[in-house]
Amino acid sequence: VEGGSWRFFKELINLGNYNQAEIVYKKFSNHLIKRYGEAVLNPEELYEKLKNIEDLEEFGRVSPYFIGGFYYYLGMLYLNHFADYQKASAFFKYSFEIMLKQVKIAPAYFEEAADLMWLAKFHEGLAYRYKGEIDKALEVYNYILSNQLGEFTYNIVPQKFILERISEEFRILSGSTQ
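The rules behind the values
Along each chain, the written sequence defines residue order, and numbers are assigned to residues from 1. With the structure being a predicted model, the display of local features is reserved for residues of pLDDT at least 70 and the display and counting of side-chain atom pairs for 80 or more, all residues being used for whole-chain, interface and lining totals. The side-chain quantities take in all heavy atoms of the structure and omit both hydrogens and water. Relative accessibility thresholds used throughout: buried, under 20% of the residue-type maximum; exposed, over 50%; partly exposed, between the two (1.4 Å probe, protein chains only). A run of DSSP states H or I qualifies as a helix once it reaches four residues; a run of E qualifies as a strand once it reaches two. Both are numbered from the N-terminal end. Should any heavy atoms of two residues lie within 4.5 Å, those residues are counted as being in contact. The working definition used for a salt bridge is a side-chain nitrogen of Lys or Arg within 4 Å of a carboxyl oxygen of Asp or Glu. In this analysis an axis means a line fitted to C-alpha atoms, helices contributing only their contacting stretch, and an angle means the value between N-to-C directions, from 0 to 180 degrees. Two helices that cross are described as forming a left-handed crossing if the nearer one is turned anticlockwise from the farther one by less than a right angle, and a right-handed crossing if clockwise. Residue classes follow a fixed rule: Ala, Val, Leu, Ile, Met, Phe, Trp, Tyr, Cys and Pro count as nonpolar, while Asp, Glu, Lys and Arg count as charged, and any other residue, Gly among them, counts as polar. What we call a nonpolar core is a set of buried Ala, Val, Leu, Ile, Met, Phe, Trp, Tyr and Cys residues that are connected through their side-chain atoms within 4.5 Å.

**Let's talk about helix H2 (residues 18-36)**
Among all positions in H2, only Tyr-18, Ala-21, Glu-22, Val-24, Tyr-25, Phe-28, Ser-29, Leu-32 and Tyr-36 are buried. Looking at the buried residues of H2, the elements they touch are helix H1 (2-14), helix H4 (56-62) and helix H5 (67-80). Taken from the residues just after H2, Gly-37 is the one with a positive phi, measuring 95°.

**A few points about the pattern of salt bridges**
Considering all chains together, one arrives at 11 salt bridges under this definition. With a shortest N-O distance of 2.9 Å, Lys-121 and Glu-124 are connected by a salt bridge. Within this pair, Lys-121 and its partner Glu-124 are both found in helix H7 (residues 111-131), separated by 3 residues, close to a single helical turn. An identical accessibility class is assigned to Lys-121 and Glu-124; each is buried. It is possible to trace a salt-bridge network through shared partners that takes in Glu-54, Lys-101 and Lys-104.

**Description of the environment of Leu-100**
Tracing the chain through its elements places Leu-100 in helix H6 (residues 85-105). Beyond its immediate sequence surroundings of up to four residues, Leu-100 is in contact with Met-117, Thr-153 and Tyr-154.

**Quick notes on unusual backbone geometry**
Not every positive phi belongs to a glycine, and Ala-83 is a case in point at roughly 50°. Assignment of secondary structure puts Ala-83 in the loop between H5 and H6. A residue is classified by how much of its surface remains accessible, and Ala-83, at 42% relative accessible area, is partly exposed.

**Things to note about the packing of H1 against H5**
Contact geometry for H1 and H5: axes closest at 10 Å, N-to-C directions at 35°. Seen along the crossing, H1 lies across H5 with a hand that is left-handed. Within the contact between the two elements, H1 uses Trp-6, Phe-9, Lys-10, Ile-13 and Asn-14 and H5 uses Gly-69, Phe-70, Tyr-73, Leu-74, Met-76 and Leu-77. Considering only residue class, the contact of H1 with H5 consists of 8 nonpolar, 2 polar and 1 charged.

**Looking at the nonpolar core**
Membership of the largest hydrophobic core comes to 61 residues, with the highest contact counts inside it found for Phe-9, Ile-67, Phe-70, Tyr-71 and Leu-74. If you list the elements that add at least two residues to this core, you get H1, H2, helix H3 (43-50), H5, H6, H7, helix H8 (134-146) and helix H9 (160-176). The element contributing the most residues to this core is H7, with 11 residues. Non-local contacts of Leu-74, meaning those with residues more than four positions away in its chain, are made with Phe-9, Tyr-25 and Phe-91.

Note that every value here comes from positions in space, so none of it alone points to a role or purpose.
Here it is as structure tokens:
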């Protein structure tokens, strides 16, 4: 149930079918709460439970393994469908942190996390910009730029298209401050 529902939700988001994704999310979230508790839908609270875990099995007892990706796609739902930039930024922020944790624990098992983590970080900055928190957006973008060699992120570097989007963001933001 979990794996299929998660993948269905993800594909609905990828297709831009946010109304259907919202329905699937509401049903799926009830299942996740029953299995993992209320914290599973509170990214900051769940991250606090996960941040000191160094064992793959223990991680799976506390949270579904797909939670980092799930938070990314929830962030997309809140960013693009609900226009709730506060929630979107939180889902993106903790998506990145959790996926970074997953890659540290077991890189071979979390290839999707490695692919999504910098997208999550970029979208965190975008959500801040949409919310009007320009300083926070710039802080996120500068964090991404400072990790181009991956020395702080287990050699996982931001994809080139993300760096190009950040250049666009800087152009947009420099025009809005004049």
